[in-house]
Amino acid sequence: MNATSTHPSNTRADIAVGMESSCRLPLLVLFISALSWLLLATLFGLIASLKFHMPQFLADCPNLTYGRVVAAQTDCALYGFALQAGIAFVTWLFVRMGRTPVASPLVLTIAASFYNFAVTIGIVGVLSGDSTGFQGFEMPQYAAWTMWISFIVMAIVAVLTYSNRDEQNTYPAQWFGFSALFWFAWICATALLLLLFKPVRGVVQSSVHWWYVHNLHSIVLGFVGLSSIFYFIPKLIGRPLFSRQLALFAFWTLALFGSFGGIPNGAPLPAWIPAMSTVGIVMTIIPVVAIVMNLWNTVRGQHQRLDSTWPLKFTYVGLMFWVIASVQLIVGAFPTVSYLTDFTWFTVAQKNLWVYGFFALTMFGAMYHLIPRITGLEPSAKLVSAHFWLTFVGILLSYISLLVGGIAQGYLLNDAHNSFLQVLSAELVGIRVSTLGDLLLVLGTIAGLLNIVLLAVRAASRELKIVNA
Amino acid sequence: MNFGPFVFIGVFCTMVISWLTFVFGPQVQIGGLQQSSTVPNGDVYPVYRTGAQKHGAELYRANNCAACHTQQVRPANLGPDLMRNWGARNRYSVAEDYLYNYPVMLGTQRVGPDLANAGARLDERTILLKLYYPRHPQLRAQNSVMPPYPFLFKKQKITHGRSPDALPLDNIESGFQVVPTEDAQDLAAYVASLRQTSYIFEVPPPPAEKPVTMHSTSATPASNTPAAK
């Protein structure tokens, strides 16, 4: 991948656009690797989904059993794709909003290479049976520490870029992006120390594990995605954010309540722990309403412009998915609902929508906005359109079928007259329909990856021509 | 105005609040939990897994069985688990049950049934058959979507008579048998060791049962039907 990218030539003013060209190499490396991991994640998802049609599919290969494939899918999506795309976007945001070149493109690129190396080792470890057994944090210790350190190095480059900024005023998008970086460094350190290095005893592990996974989704991915939403929606619609105070309020309430959660009701823990978790999740209704109000008022009267450009389209659809996934999380936190929905496909549908719907779409939107700016080249509009529609329809199909399947599963399980296998037959309809969605996600990701790789090749060949001339 | 340090400190504080609640708090309260004794017999509970069971737990982790199987029984007001006979009567899972587990694999999804008391429902031979051929007619699960795990078994020619471990299969060519590897046996031993049927201080036996069970039944029943108790 490195070979296809261009040399970091800060001084070459004849290419691309000012400050932003300083992050061309690292950002291309980060985005291309992120999309490659996403492709791998969706492929693993497709394999896992196919096993519901034929359980004996690839059963002879110990490395590709359902459990390992699902674990690899989760880790490819979270660590390979999401964190990498997130750090790429946040770094660019600091460059763009601070009007300063990236602190050290070289260090960022090297750290990104180490990061990818660590994730590769981790996924190979998971597939060969070295998984830690903590869902969403499966990467074995030997890979996880390297990954964490490389992440810290990339985060330091981003923070240095932030503090070098020329523009002293900061905006909501920056707070969200900045906090997400710190948050991940902290929670990952806690999980590494207390789950792997010196594990705590018994179910305290579960509490730490659930807390980590919930914070990773809700705060780290949530904040990066919101950062992109808060930057692009006002920017591309051409109107200032409706209220900075309301954004500030939403930011702090979301940091406070959003970090509480993840513990299922009925977990074998002292009752106050799941209770606190439920309270936290339910309270996130406040920032959700505040953010929706803020952005609604920002775009009011300009709705038709939301469709005007691809980056904006990706971003606002991502926002809609964020609202749906957040509301579903809140509804599912009430004990009367979780009585039926916990441990069903309902929660899986929510997590999938969060990662592949909300987070991925906001990152694609950011990517299609910033890649032309850093390279000076336009991606193929046909492929962007294919990427959008395949991903959008794919995630929607997979989400709705799993949601309906999950609700059916919950209702039927509640009646002891239905045998477990009868319940399974009913939910299988949903799971099997979702395979089609998984297939569309794979195709969409191929379109996106192909587009960016072709663009990087064009950028590299142009660079070569300039060097030769 | 430069909000950088302000944002940093504020974010750090909110993070610490949630860390204190979900990491430090639970550690203070139950991090030092010790072995306790069963009610009313007074046997030690839980017992540390060793040998085959311990290795089996490693295989359970490596193959991520927890992707489809939970190991937790919720109280009756928080889920239909007791109604489905996944636990003994009135006996839901508590922190004590997982004292010596590492990692604790509670699971998040029930594609397959809960396994918190798998050992009380199934014997090792049944578990082995499920691992090799989940749709075996004897298991009465024709539409099971559990994948088979053929790599945990080996097919061999019968040389010195049929092995006592051989699986009861009839669709196999004559002169051959399928026997579990050591891994399969360990995994089965682990699953068979999963049982949360003993009553302890946090989850005492239901009152009506007290006079019957007093000093009469073993703390860890060997029978296959805990739910009927």
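None of the values given here were measured: they were computed from a predicted structure.

## With respect to the overall build of chain B
At step 1: Within chain B, the secondary structure is distributed over 6 helices and 4 strands.
At step 2: Starting at the N terminus and ending at the C terminus, chain B contains elements arranged as α-β-β-α-α-α-β-β-α-α.
At step 3: In chain B, the share of contacts with a sequence separation of at least 24, taken over all contacts with a separation of at least 6, comes to 67%.
At step 4: Surface summary for chain B: the accessible area is close to 10,600 Å², and the carbon and sulfur share equals 59%.

## Some details on the overall build of chain A
At step 1: For chain A, the helix and strand inventory stands at 14 helices and 0 strands.
At step 2: Starting at the N terminus and ending at the C terminus, chain A contains elements arranged as α-α-α-α-α-α-α-α-α-α-α-α-α-α.
At step 3: Relative to its length of 469 residues, chain A is compact, with a C-alpha radius of gyration of 22 Å against a globular reference of 23 Å.
At step 4: C-alpha extents for chain A along the principal axes are approximately 75 × 55 × 45 Å.
At step 5: Here chain A holds 469 residues, and the buried ones make up 65% of them.
At step 6: Taking all contacts inside chain A whose residues are at least 6 apart in sequence as the whole, residues at least 24 apart take part in 83%.
At step 7: Accessible surface computed for chain A: about 15,600 Å², of which carbon and sulfur atoms make up 71%.
At step 8: Averaged over its 22 positive side-chain charges, chain A has a centre that lies 9 Å from the centre of its 15 negative ones.

## Here's the deal with the interface of chain A and chain B
At step 1: Of the residues lining the interface, 91 residues belong to chain A; the matching set on chain B comes to 77 residues.
At step 2: For the pair chain A and chain B, the interface holds 0 salt bridges.
At step 3: Connecting chain A to chain B are 23 residue pairs in polar contact (both at pLDDT 80 or more).
At step 4: Among the elements that take part in the side of chain A that touches chain B, helix α5 (residues 172–197) of chain A stands out by supplying 11 residues, more than any other.
At step 5: Taken together, the residues that form the side of chain A that touches chain B break down as 50 nonpolar, 30 polar and 11 charged.

## Observations concerning the confidence of the model for chain A
At step 1: Per-residue pLDDT for chain A averages 93, and the proportion of residues at 70 or more is 96%.
At step 2: Between residues 1–16 of chain A, whose pLDDT stays under 50, and residues either more than four places distant or in other chains, the model counts 39 contacts.

## Some details on the pattern of salt bridges
It is possible for side chains bearing opposite charge to pair when their charged atoms get close.
All names here are of chain B.
At step 1: All told, the structure shown has 8 salt bridges over all chains when counted by the stated rule.
At step 2: Residue D81 pairs with R74 through a salt bridge whose shortest N-O separation is 3.2 Å.
At step 3: Look at D81 and you get buried, because its relative accessible area is 0%.
At step 4: Among the charged side chains, a network of salt bridges with common partners joins R74, D81, R110 and D114.

## Quick word on the side chain of T435 of chain A
At step 1: Structurally, T435 of chain A can be placed in helix α14 (residues 420–468).
At step 2: Reaching out from T435 of chain A, the side chain makes a polar contact with the side chain of S49 of chain A at a distance of 2.8 Å.

## Structural notes on the environment of A189 of chain B
Residue and element names in this part refer to chain B.
At step 1: Following the sequence through the fold, A189 ends up in helix α5 (residues 182–192).
At step 2: When the C-alpha atoms of A189 and D123 are compared, they prove to be 8.9 Å apart, with 66 residues separating the residues in sequence.
At step 3: Setting aside chain neighbours within four positions, we find A189 in contact with A52, Q53 and E124.

## Some remarks on the packing of aromatic side chains
What characterises a pair of aromatic rings is the spacing of the ring centres plus the angle enclosed by the ring planes.
At step 1: This model, assessed by the stated rule, comprises 48 aromatic pairs over all chains.
At step 2: Judged by centre distance (6.1 Å) and plane angle (45 degrees), the ring pair of F81 of chain A and F364 of chain A falls under tilted. Note that F81 of chain A is positioned in helix α2 (residues 66–98) and F364 of chain A in helix α12 (residues 345–375), a separation of 283 residues in sequence.
At step 3: Measuring from centroid to centroid gives 4.8 Å for F251 of chain A and W252 of chain A, while their planes differ by 70 degrees, and the two rings are edge-to-face.
At step 4: Here a set of aromatic residues connected by ring pairs shows up, and it is made of F81, W310, F314, F321, F359, F364, Y368, F388, W389 and F392 of chain A.
At step 5: Taking the ring centre of F388 of chain A as reference, the NZ or CZ of K313 of chain A above it sits at 5.7 Å.
At step 6: In this structure, K155 of chain B is placed above the aromatic ring of F176 of chain B, and the distance from its NZ or CZ to the ring centre is 5.7 Å.

## Here's the deal with the nonpolar core
At step 1: Counting 180 residues, the largest nonpolar core has Y79, F81, W92, F137, F184, Y212 and F364 of chain A as its most contacted members.
At step 2: Filtering out sequence-adjacent residues up to four positions away, F81 of chain A remains in contact with A34, W37, L38, C76, F359, A360, M363 and F364 of chain A.
At step 3: In this structure, A57, M105, I127 and A188 of chain B belong to the second largest nonpolar core, which totals 27 residues.

## Considerations on the packing of helix α6 (residues 204–237) of chain A against helix α9 (residues 285–299) of chain A
Residues and elements named next belong to chain A.
At step 1: Put simply, α6 and α9 touch, their axes get as near as 10 Å, and they point 15 degrees apart. Overall, the two elements α6 and α9 adopt an arrangement that is roughly parallel. In this structure, α6 meets α9 at a crossing whose hand is left-handed. For the pair α6 and α9, contact is made by L226, I229, F230, I233, P234 and I237 and by I291, N294, L295, T298 and V299, respectively.
At step 2: Of the residues in the contact of α6 with α9, the class split is 9 nonpolar, 2 polar and no charged.

Basis of the calculations
- Residues numbered from 1 in each chain as written.
- Chains lettered and ligands numbered in written order.
- Predicted model: local features only at pLDDT ≥ 70, side-chain atom pairs only at ≥ 80, totals over all residues.
- Heavy atoms only, no water.
- Helix = DSSP H or I, 4+ residues; strand = E, 2+ residues; numbered from the N terminus.
- Contact = heavy atoms within 4.5 Å.
- Areas by Shrake-Rupley, 256 points an atom, 1.4 Å probe, with all protein chains shown as cover.
- Rg over C-alpha atoms; globule rule 2.2 N^0.38 Å.
- Buried < 20%, exposed > 50% of the residue type's maximum accessible area, 1.4 Å probe, protein only.
- Lys, Arg positive; Asp, Glu negative; His and termini not counted.
- Charge placed at Lys NZ, Arg CZ, Asp CG, Glu CD.
- Salt bridge = Lys/Arg side-chain N within 4 Å of Asp/Glu carboxyl O.
- Polar contact = N/O pair within 3.5 Å; in protein donor to acceptor, adjacent residues only side chain to side chain.
- Nonpolar A, V, L, I, M, F, W, Y, C, P; charged D, E, K, R; others polar.
- pLDDT = per-residue confidence, 0-100.
- Phe/Tyr/Trp six-rings, centres within 6.5 Å; stacked < 30°, edge-to-face > 60°.
- Lys NZ or Arg CZ within 6 Å of the ring centre and 35° of its normal.
- Core = buried A, V, L, I, M, F, W, Y, C linked by side-chain atoms within 4.5 Å.
- Axes fitted to C-alpha atoms, helices over the stretch in contact; angles between N-to-C directions.
- Parallel < 35°, antiparallel > 145°, perpendicular 65-115°, else oblique.
- Left-handed = near helix turned anticlockwise from the far one by under 90°.

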